[in-house]
Amino acid sequence: MLENRETEFPLLSVKEVTKTYGPGCPGRDTAGCLLACDSDPGTNSCAACGSIVACRDVSLDIYPGETVGILGESGSGKSTLLRCLYLDETPTSGYANFNPVGECRNLFSVDRALRRHIRSSLVGIVYQEARRGLNLLVTAGGNVAERLLAAEWRSVSDIRGKASDYLSRTEVPLDRMDDFPVYFSSGMQQRVQIAKALSNSPDLVLLDEPTTGLDVSVQAGVLDLIRDIKREYGITILVVSHDLPVIGMLADRTIVMRHGRVIEAGLTDQILEDPQHPYTQLLASSAL
Amino acid sequence: MPTIAELIQETGSQFTGYSYAFLDSAATREIRRAMLKAVAIPGYQVPFGSREVPVARGFGTGGLQITLSIIGPGDVVKVIDQGDDAGVNANNIRRLIERTTGLPTTLETAEATVVQTRHRIPEEVMREDQILVLQVPYPEPLRLVERSQTVARTMHGERDYARMWLALYEDVVRKGEVTVGAGYPVVVNHRYIMAPTPVPRWDLPKLHRSRTLHIFGAGREKRIYAIPPHTDVYPMEFDDIKFEIEEFGGQPCARCGSNVAFLTERLNTDGSRTLTCSDTAYCDLALTGGQPETWN
C-alpha cells in the first residue's frame, strides 16, 4: 500500500486547516499574533487579541485502507480537527478534499444536503462518550438502523439482518438487540456505537478517543475489535488519542499535535521508537 | 341589531358590515395565494395569516377559511364531521356559510362542489369538478420525532426523514406492526412527508392519484397544504412490512348492509354494539337503493 503512494490519490486530503475561536487578529502579518508564529508558541491563546487558536495550518493526507493516528495532549486541537472533518464545526480557513464526493470538492463548503449525506453515509464517527454517538431513546438495533434508513434502506428484514451482523461482530448479544442502550454497560454502548458507525460501510471512520474512559479489559476488547474489523473490511480510519499504546496498536502513520500545530509526522513505529521532537520524546519516554 | 341573515335579506346578495363569505377581500386574497403555492408544491406546508372567524380555534377554522375564500355564486357546499353531516360542529359551520354567502348547502356528496370535512374522506368517489377541504388539527407529521418546528422545517427542506422512518422501524420491532392508526403519515409526490389529518387508514388510498383537489387547512397552526389531482400519494411503508387498511371481518353495515364502507361502532341503549357506516350520507344513499361509485 505504502509503495503505491505516487500513483494513488488520497481518500482525504486536509490542507492548512485553521480553527480559531474569538475575534481573531486582523491578519497573519500582525505583530504578536499567534497565527504569525510558525513554531510551537507554547500556548493556544493569542497574546495580541485573546483568541484561542485550536488548530493552525494542519495538513494531512489519508490514503484508502490506511489508519492514521493523531497523538496529542488535551487541548492540542486534535478533537477540534476531527469535529471539523465530521462537519460538526466549520474551520476558520483551510480546505479538505474528500475523494468520494468528487476530487475538487472542498468538504467544508458542501451544501446541507450533501453534508448530511457525508455524515450519514460516507463518514462514520465513534465518539469518546457513547452517549454522544447513540440515540438512547431507540433500541440498539434501531441505532444501527438509523444510518441504514438514512441511506434509503427500506426493508425491515434487510435492516435487521445487517444490524444483527454488525452487532454480533462487535459482540453485542443479539438477544439484547431490541433493548435500549441506556441499560447497557459503557463498554457495550461503545461496541454498539462502533457497529452503528460501520454498518453502512462508510469510506472513512473517525475514532475520537474510542477507548478512553473504559476499563482496561474492555479497552483491550474494543481495540481488538477495531483491528479485526479493519483487517476484514479494509476500512480507512483516522484515530485520535492521547494514549500511546492505542496509537501504536492501530495506526500505520501518526501525526503529533501540540498547541494546535503538527509538530511531528511519520510512520507510527518511527514516532514511537525514534521521536525527533522534544515533546514527542517526552511523551514516548513518559509512557515507558 | 340586525343579524347577518337579515342583512343579506335586506341587500340581496350584498350585505353591510361584513364582506361576502365573512372574510375581507385582503384575507381571501392571501389565503388564495397560499393555496396556489400549496398546489404548486404538493405536500408542502405553506404558512398563512390565520384570521379570526366566529368559530373557536381548533374547531375547523383552517378548513373554514379555505372554504370561505374559494366559494362563490354557483357553489354548493357540504360540511361533514367525522363522516357525519349532523354533527354539531358541521351544522354550525354549514349555517355560518349559508348566512354569510346565501349559497345552498347539501348533504349529498355528488351534489356538492366544495366539501369541507373533518377526519373522514367521503366513501363516494369524488369528481374533478369538486374540491375536498380538510380541517387539520396538527399539520406537522414530524412532530412525532421532532419537537422544534424550526428543526422540523429544516428536515422537510432537506428531505431528512431518517428519524421518521426510524420511529416506524422501532414501532415494528417493538410492537410487531406500525401502530399509527388515524393520521398515518404519507409521502406526497415522492417528496414531502405529510400529515393526512386524523383520517382512518381506510381513507389513505383515496388520496393516491385522486381526481379531486384536496386542500388542507390548519387554522390554529396557521398552515395550508394541498394534494393536487392525480398526485402520487403513498403511505410510509417498508418493502416487507406493508401498510394495511382497517378490517371489519367482512361484517356489513347494520343499517344499510353495505360492506364497502368504513364502519364505526355505535353503543346502543341496551349496552350492545352495532357497526354502521361512518359516512352517513353514503349510508342514506345505500339504504334508498343508490349505488354510488365507491373506492373499495
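Rules of the game
Residues numbered from 1 in each chain as written. Chains lettered and ligands numbered in written order. Predicted model: local features only at pLDDT ≥ 70, side-chain atom pairs only at ≥ 80, totals over all residues. Pairing = 2+ DSSP bridges. Helix = DSSP H or I, 4+ residues; strand = E, 2+ residues; numbered from the N terminus. Axes fitted to C-alpha atoms, helices over the stretch in contact; angles between N-to-C directions. Expected span 1.5 Å × (residues − 1). Buried ≥ 20, exposed ≤ 12 C-beta atoms within 10 Å, placed from the backbone. Contact = placed C-beta atoms within 7 Å. Nonpolar A, V, L, I, M, F, W, Y, C, P; charged D, E, K, R; others polar. Core = buried A, V, L, I, M, F, W, Y, C linked by C-beta atoms within 7 Å. Parallel < 35°, antiparallel > 145°, perpendicular 65-115°, else oblique. Arc of directions from axis to C-beta. Right-handed = clockwise from strand over helix to strand, strands pointing away.

Asker: Got a sec to walk through the sheet that holds strand β6 (residues 192-194) of chain B? Specific residues and values, please.
Answerer: Residues and elements named next belong to chain B. The three strands lie next to each other as β6-β5-β9, forming an open sheet whose pairing is antiparallel. The open sheet has two edge strands with one neighbour each: β6 and β9 (233-235). Pairs of neighbouring strands in the sheet enclose a mean axial angle of 35 degrees, with direction left out of account. Note that strand β5 (residues 186-188) and β6 share three bridges and pair antiparallel. Counterpart to Val-188 in the pairing with β6 is Tyr-192.

Asker: Break down helix α6 (residues 162-175) of chain B for me, with residues and values.
Answerer: Spanning 14 residues, α6 of chain B covers 20 Å between terminal C-alpha atoms, matching the ideal 20 Å at 1.5 Å per step. Among the residues of α6 of chain B, Ala-162, Met-164, Trp-165, Leu-166, Ala-167, Leu-168 and Tyr-169 of chain B are the ones counted as buried. As for α6 of chain B, its buried residues are in contact with α2 (112-122), α4 (140-150) and α5 (156-169) of chain A together with β6 of chain B. Immediately downstream of α6 of chain B, the backbone of Gly-176 of chain B shows phi near 85 degrees, a positive value.

Asker: Could you give an account of the sheet that holds strand β5 (residues 123-126) of chain A, naming the residues involved and the relevant values?
Answerer: Residues and elements named next belong to chain A. Pairing within the open sheet is mixed, and its six strands lie in the order β5-β6-β7-β3-β8-β9. Since the sheet does not close on itself, it has two edges, and those belong to β5 and β9 (261-267), each with one partner. The sheet shows a mean angle of 15 degrees between the axes of neighbouring strands, direction not considered. Pairing of β5 with strand β6 (residues 204-208), which is carried by four bridges, proceeds in the parallel orientation. Across the sheet, the residue bridging to Val-126 is Leu-207, located in β6. Where helix α6 (residues 186-198) meets the sheet, its contacts fall on β5 and β6, and the angle it forms with β5 comes to roughly 175 degrees.

Asker: I'd love a proper account of the interface of chain A and chain B, names of residues and values included.
Answerer: On the side of chain B, 14 residues touch chain A, which itself brings 18 residues to the contact. Contributing elements (two or more residues each) for the side of chain A that touches chain B: α2, α4 and α5 of chain A. Ranked by residues supplied to the side of chain A that touches chain B, first place goes to α4 of chain A with six residues. Taken together, the residues of the side of chain A that touches chain B break down into seven nonpolar, six polar and five charged.

Asker: Mind laying out the nonpolar core, listing which residues take part and the relevant values?
Answerer: Counting residues in hydrophobic clusters, the biggest one holds 85 residues, and the most contacted among them are Leu-149 and Leu-206 of chain A. Looking at which element gives the most residues to this core, the answer is α6 of chain B, with seven residues. Residues within four places of Leu-149 of chain A in sequence aside, it is in contact with Ala-162, Trp-165, Leu-166 and Tyr-169 of chain B.

Asker: Requested: an account of the environment of Thr-90 of chain A, with residues and values cited.
Answerer: Residue and element names in this part refer to chain A. Among the secondary structure elements, Thr-90 is positioned in the loop between α1 (78-85) and β4 (93-98). Judged by the 10 C-beta atoms lying within 10 Å of it, Thr-90 is exposed. Separated by 92 residues in the primary sequence, Thr-90 and Val-182 place their C-alpha atoms 31 Å from one another.

Asker: Please set out the environment of Pro-91 of chain A residue by residue, giving values where relevant.
Answerer: All names here are of chain A. Topologically, Pro-91 is positioned in the loop between α1 and β4. In this structure, the C-alpha to C-alpha distance between Pro-91 and Val-17, residues 74 residues apart in sequence, is 6.5 Å. Discounting residues that sit within four places of it in the chain, Pro-91 has contacts with Val-17, Thr-18, Lys-19, Cys-84 and Phe-108.

Asker: Run through unusual backbone geometry, naming residues and quoting values.
Answerer: All names here are of chain B. Even without being a glycine, Arg-159 presents a positive backbone phi close to 55 degrees. Position of Arg-159 relative to the elements: it lies in the loop between α5 (149-157) and α6. Using a count of 13 C-beta atoms within 10 Å as the deciding quantity, one classes Arg-159 as partly exposed. We note that Thr-197 has phi near 65 degrees; this positive angle belongs to a residue other than glycine. Tracing the chain through its elements places Thr-197 in the loop between β6 and α7 (204-207).

Asker: How would you sum up the packing of helix α2 (residues 25-40) of chain B against helix α3 (residues 61-70) of chain B? Please name residues and give values.
Answerer: Residues and elements named next belong to chain B. Contact geometry for α2 and α3: axes closest at 9 Å, N-to-C directions at 105 degrees. Taken together, the axes of α2 and α3 are roughly perpendicular relative to one another. In this structure, α2 contributes Thr-28, Ile-31, Arg-32 and Met-35 to the contact, and α3 contributes Gln-65, Ile-66 and Ser-69.

Asker: Could you give an account of helix α4 (residues 88-101) of chain B, naming the residues involved and the relevant values?
Answerer: Residue and element names in this part refer to chain B. The end-to-end C-alpha distance of α4 is 20 Å, a good match for the 20 Å that 14 residues give at a rise of 1.5 Å each. Within the sequence span of α4, burial applies to Ala-90, Ile-93, Arg-94, Leu-96, Ile-97, Thr-100 and Thr-101. End-on view of α4: buried residues confined to an arc of 160 degrees, all on one side of the axis. Directly beyond the C-terminal end of α4, a positive phi value near 75 degrees is found at Gly-102.

Asker: Describe the environment of Asp-85 of chain B, naming the residues involved and giving the relevant values.
Answerer: All names here are of chain B. Tracing the sequence through the fold places Asp-85 in the loop between β2 (77-81) and α4. Between the C-alpha atoms of Asp-85 and Thr-106, which are 21 residues apart in sequence, the distance is 9.2 Å. Setting aside anything within four residues of it in sequence, one finds Asp-85 in contact with Ile-80, Ala-90, Leu-107, Thr-280 and Ala-281.

Asker: Talk me through the pairing of β6 of chain A; I want residue IDs and the actual numbers.
Answerer: On a regular strand, each side chain points to the face opposite its neighbour's, so the side chains alternate between the two faces of the sheet. Residue and element names in this part refer to chain A. Among the five residues of β6, five are classified as buried, and the element is accordingly described as predominantly covered. Judged by which residues are buried, β6 turns out to be covered on both faces: Leu-204, Leu-206 and Asp-208 on one side and Val-205 and Leu-207 on the other are all buried. In this sheet, strand β7 (residues 236-241) lies alongside β6 in parallel orientation, the contact comprising five bridges. Counted as the bridge partner of Val-205 is Ile-237 from β7. Read from β6 through helix α7 (residues 216-233) to β7, the crossover connection turns out right-handed.

Asker: Requested: an account of the pairing of strand β1 (residues 12-21) of chain A, with residues and values cited.
Answerer: Residues and elements named next belong to chain A. The sheet contact formed by β1 and β4 spans five bridges and is antiparallel. Directly across from Ser-13, in β4, lies its bridge partner Asn-97. Pairing between β1 and strand β2 (residues 52-62): seven bridges, direction antiparallel. Looking at β2, one finds that Val-14 is bridged to Leu-60.

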